[in-house]
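Listed here are the chains, written in short residue letters.
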Amino acid sequence: MTAGTALIPLLETRAISKTFGRVTALRDATFSAYAGEVSAIVGDNGAGKSTFIKILSGALTPDGGELFLDGKPVRFTSPQDARDRGIETVYQDLALAPALDVASNLFLGREARMRGVWGRLGFLDDRLMRERARQEMRDLQVGLSSVGQPVFTLSGGQRQAIAVARATAWGKRIVIMDEPTAALGVRESGMVLELIKRITRSGIAVVMISHSMPEVFEVADRITILRLGRSVRQMRRAETSMTEVVAFMTGASVGHVAEIER
Amino acid sequence: MSEAAASDPPADVEPARNIFARSTNLYILLVLVALVAFFSIISPNHAFFDRGNFVNIAWDTAEILLLAIGETFVIITAGIDLSVGTVLMLAGVVASWVIAQTGGPPALVASGHFPNAGSALPLGIAAGIGVGAVGGFINGTLVTRLRMPAFIVTLGVFSIANGLGDLLSSGGAAGQSAIPPIPDSFANSLGNGNLVFGLPTLVVVASVVALITHIVLTRTIFGRRTFAVGSNLEGSRLAGVPVNSHVIWVYTFAGFMAGLAGVLDLARFHSTDIQGHSLDNLDAIAAVVIGGTSLFGGTGSILGTVIGAFIPTVLRYGFTIQGISSFWQDVVVGAIIIVAVLFDQIRRRRVT
């Protein structure tokens, strides 16, 4: 383990399993995500990535195995429960309201009220929300002409950035991203990957699912390979290669995560 | 990283929230102004351009406007409420029934005397508005908790309210209207009263309601979430907006407005015309759609609805003064609705 990496994982799973009727989606998923790092989860179709990420975000409860947050065992009853504990998921379809402007989207569900009586009556503090939105966009270096723009006028990459900003703006410590660049062009993907690197610098743990090996190797600090519902390996990016990762993904190499806990 | 993203964002330009709703408002306002100017110029002796005429237009528009304001909120959430017309009628019938029951001894009440009017009137008004709100609450609950299509749910409530209103007002016997009289004080104050600036009370109430709801829609959390729910329901849920209870509130509000309109209608016409209101729902929806609120949800405005409610009335009065059959009003309004929806479709293509 290199210097600067926290010894206790922020989020950890041990031997997670999940079955749907006769289908076993996960058999033994062991995984850890550290603060300030990008942990990528890769695997072929049907390897159990989506099921696993739903368990991490609280949308599904595992049948077996354990989840640890800050080293303490946890059980998420709902996505809201996970969110309350600091885990935010950026969904593939982004969950933004296209008709609303950027600031309103950032504050959706947590709108800022005016002070005093007006606030108690439910009046919005649009000025404050705009200001904070501008600040957030500056910090994340998202180029926008105005936070008063409706989201439908923005590009896919900008929308993704706003979804990420919404996840990080509320002091979340773990951000789960499901195929964050799937719908984006090359340039926009690059922008989102930069954004991912930037948010980890502030100590956030990013958990990312991706199909694209070059992208995984560009941003991930740690790569977990799922195959047939099993986490066959978790490796540091610096200590592996694309060839090796693909070999584990396809079953050409066989390993187990327990062997590589170093 | 793109160059644009690397530099600081420029100073915020004027907010563009609901820019399309805003530009639609402008177009539809121009249509309204053009119609008024047209009828003013061509009418004999410019009879159209007359305070009395304008007051009558506003008076006739006010009641539909109350329904249309509630409908605007519902349609912004990408819903629809087909029940408002018959809920209005039921609210009026219930209000008059409560007033008659609590107004005094039956014999006196039957001859138009209400010794207890002081308590009977507030009770009747509250009952009418309450019936409307309950109807809306039922709509909202069925739409959200049971995930039923709003179109079907509100069509069902439309029919139920219609039937209940008929039953209550006829005592069960077909065709026998038994709507009791209402106190003159009620009719003279709320119905035909000219409380402020010599304007009919109904017009004043509708103006105040329009102003308040405009502020609610544009300046409050409730308004913002109404747009959010209509723009992306699941997304709003994921973002932590209590989507179900919000939508229930919106339908309850639409029912409340129908109840209020029903009570005011009762005061204005002394009785509730059972058949006269069954198509009010369509007039209300027409006003909302002409006013630029998208049937797909997410955009819309009260200002647009106000303008949209005036256009059919202006056409009717204009045609009447010209001696043109008022049936042409229906034809022209229908064409305007189709054009409004066409615009909505074009905008929609840009929004997604």
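The rules behind each value
- Residues numbered from 1 in each chain as written.
- Chains lettered and ligands numbered in written order.
- Predicted model: local features only at pLDDT ≥ 70, side-chain atom pairs only at ≥ 80, totals over all residues.
- Helix = DSSP H or I, 4+ residues; strand = E, 2+ residues; numbered from the N terminus.
- Buried ≥ 20, exposed ≤ 12 C-beta atoms within 10 Å, placed from the backbone.
- Contact = placed C-beta atoms within 7 Å.
- Pairing = 2+ DSSP bridges.
- pLDDT = per-residue confidence, 0-100.
- Core = buried A, V, L, I, M, F, W, Y, C linked by C-beta atoms within 7 Å.
- Axes fitted to C-alpha atoms, helices over the stretch in contact; angles between N-to-C directions.
- Parallel < 35°, antiparallel > 145°, perpendicular 65-115°, else oblique.
- Nonpolar A, V, L, I, M, F, W, Y, C, P; charged D, E, K, R; others polar.
- Left-handed = near helix turned anticlockwise from the far one by under 90°.

Further remarks concern the overall build of chain B. For chain B, the count of helices and strands is 15 helices and zero strands. Each of the 352 residues in chain B was classed as buried or not, and the buried ones make up 49%. Considering only contacts within chain B whose residues lie at least 6 apart along the sequence, 77% involve residues at least 24 apart.

This brings us to unusual backbone geometry. With a phi close to 50°, A:Ala15 is a non-glycine residue in the positive phi region. Here A:Ala15 lies in strand 1 (residues 11-20). Positive phi, normally seen in glycine, also occurs at B:Asn45, with a value near 55°. With respect to the helices, strands and loops of the structure, B:Asn45 is situated in the loop between helix 2 (19-42) and helix 3 (51-76).

With that settled, the discussion passes to the pairing of strand 9 (residues 222-227) of chain A. In regular strands, side chains alternate between the two faces of the sheet. Residue and element names in this part refer to chain A. Counting buried residues in strand 9 gives six out of six residues, a clear majority hidden from the surface. Side-chain alternation along strand 9 places Arg222, Thr224 and Leu226 on one buried face and Ile223, Ile225 and Arg227 on a second face that is also buried. Pairing of strand 3 (residues 38-43) with strand 9 involves five bridges; the strand directions are parallel. If you follow Val42 over to strand 9, its bridge partner there is Ile225. Pairing of strand 9 with strand 10 (residues 230-236), which is carried by six bridges, proceeds in the antiparallel orientation. Bridged to Arg222 within strand 10 is Arg236. Hairpin geometry of strand 9 and strand 10 is characterised by an intervening segment of two residues between the two adjacent antiparallel strands and by a positive phi of about 50° at Leu228.

All names here are of chain A. With six of six residues buried, strand 3 lies mostly within the body of the structure. A two-sided burial pattern is seen for strand 3, the buried positions comprising Val38, Ala40 and Val42 on one face and Ser39, Ile41 and Gly43 on the other. The pairing of strand 3 with strand 8 (residues 205-209) spans four bridges and is classified as parallel. Looking across to strand 8, one finds that Ile41 is bridged to Ile209.

Turning our eyes to something else, we now look at the environment of B:Arg348. Residues and elements named next belong to chain B. In this structure, Arg348 sits in helix 15 (residues 327-351). Judged by the 16 C-beta atoms lying within 10 Å of it, Arg348 falls in the partly exposed class. Beyond its immediate stretch of four places on either side in the chain, Arg348 contacts Ser294 and Phe296.

Before going further, it helps to examine the environment of A:Arg27. All names here are of chain A. Structurally, Arg27 is set in strand 2 (residues 23-33). Using a count of 17 C-beta atoms within 10 Å as the deciding quantity, one classes Arg27 as partly exposed. Spatially, the C-alpha atom of Arg27 lies 7.9 Å from that of Leu228, the residues being 201 residues apart in sequence.

What follows covers the confidence of the model for chain B. Residues and elements named next belong to chain B. Averaged over all residues, the pLDDT of chain B equals 86, while 88% of them reach at least 70. Here helix 1 (residues 3-6) is the element of chain B with the lowest mean pLDDT, 39, and helix 10 (residues 221-231) is the one with the highest, 97. A low-confidence stretch, residues 1-18 (pLDDT under 50), is modelled with 42 contacts involving residues beyond four sequence positions or located in other chains. The model gives residues 172-176 a pLDDT under 50, and that stretch makes four contacts with residues more than four places away or in other chains. Across the assembled chains, the prediction reports ipTM 0.81 with pTM 0.84.

Below, the discussion takes up the nonpolar core. In this structure, A:Val206, B:Leu65, B:Leu67, B:Ala91 and B:Met257 are the most contacted members of the largest nonpolar core, which totals 163 residues. At 16 residues, the largest contribution of residues to this core is made by helix 12 (residues 243-269) of chain B. Residues in contact with B:Ala91, not counting those within four places in the same chain, are B:Gly128, B:Ile129, B:Val131, B:Gly132, B:Ala258, B:Gly259, B:Gly262 and B:Val263.

Moving on, we get to the confidence of the model for chain A. Residues and elements named next belong to chain A. When the pLDDT values of chain A are averaged, the result is 86; 93% of them are 70 or greater. Considering only residues more than four positions removed or in separate chains, one finds that residues 1-6, a stretch of pLDDT under 50, has three contacts. Taken as a whole, residues 256-262 scores under 50 in pLDDT and shows nine contacts with residues more than four places along the chain or in a different chain.

Residue and element names in this part refer to chain B. Along the chain, Leu142 turns up in helix 6 (residues 117-144). With 15 residues separating them along the chain, Leu142 and Ala127 place their C-alpha atoms 22 Å apart. Leaving out residues up to four positions away in the same chain, Leu142 has contacts with Met148 and Val153.

Of all 11 residues in helix 13 (residues 280-290) of chain B, 10 are buried, a share of seventy percent or more. Of the positions making up helix 13 of chain B, those classed as buried are B:Asp280, B:Asn281, B:Asp283, B:Ala284, B:Ile285, B:Ala286, B:Ala287, B:Val288, B:Val289 and B:Ile290.

Residues and elements named next belong to chain B. Viewed as axis vectors pointing N to C, helix 4 (residues 84-102) and helix 13 meet at an angle of 125°, and their least axial separation amounts to 6 Å. Classified by the angle between their axes, helix 4 and helix 13 sit oblique to one another. For the pair helix 4 and helix 13, contact is made by Val84, Gly85 and Leu88 and by Asp280, Asn281 and Ala284, respectively. Taken together, the residues that form the contact of helix 4 with helix 13 break down as three nonpolar, two polar and one charged.

The next subject is the packing of helix 8 (residues 184-191) of chain B against helix 12 of chain B. To describe two helices that pack against each other, one gives the angle between their axes and the distance between the axes. Residues and elements named next belong to chain B. For the pair helix 8 and helix 12, the least separation of the axes is 7 Å and the interaxial angle reads 115°. Taken together, the axes of helix 8 and helix 12 lie roughly perpendicular to each other. Between helix 8 and helix 12 the crossing geometry is left-handed. Residue-level inspection shows Phe186, Ala187, Leu190 and Gly191 of helix 8 in contact with helix 12, the latter providing Leu264, Ala267 and Arg268. Taken together, the residues that form the contact of helix 8 with helix 12 break down as five nonpolar, one polar and one charged.

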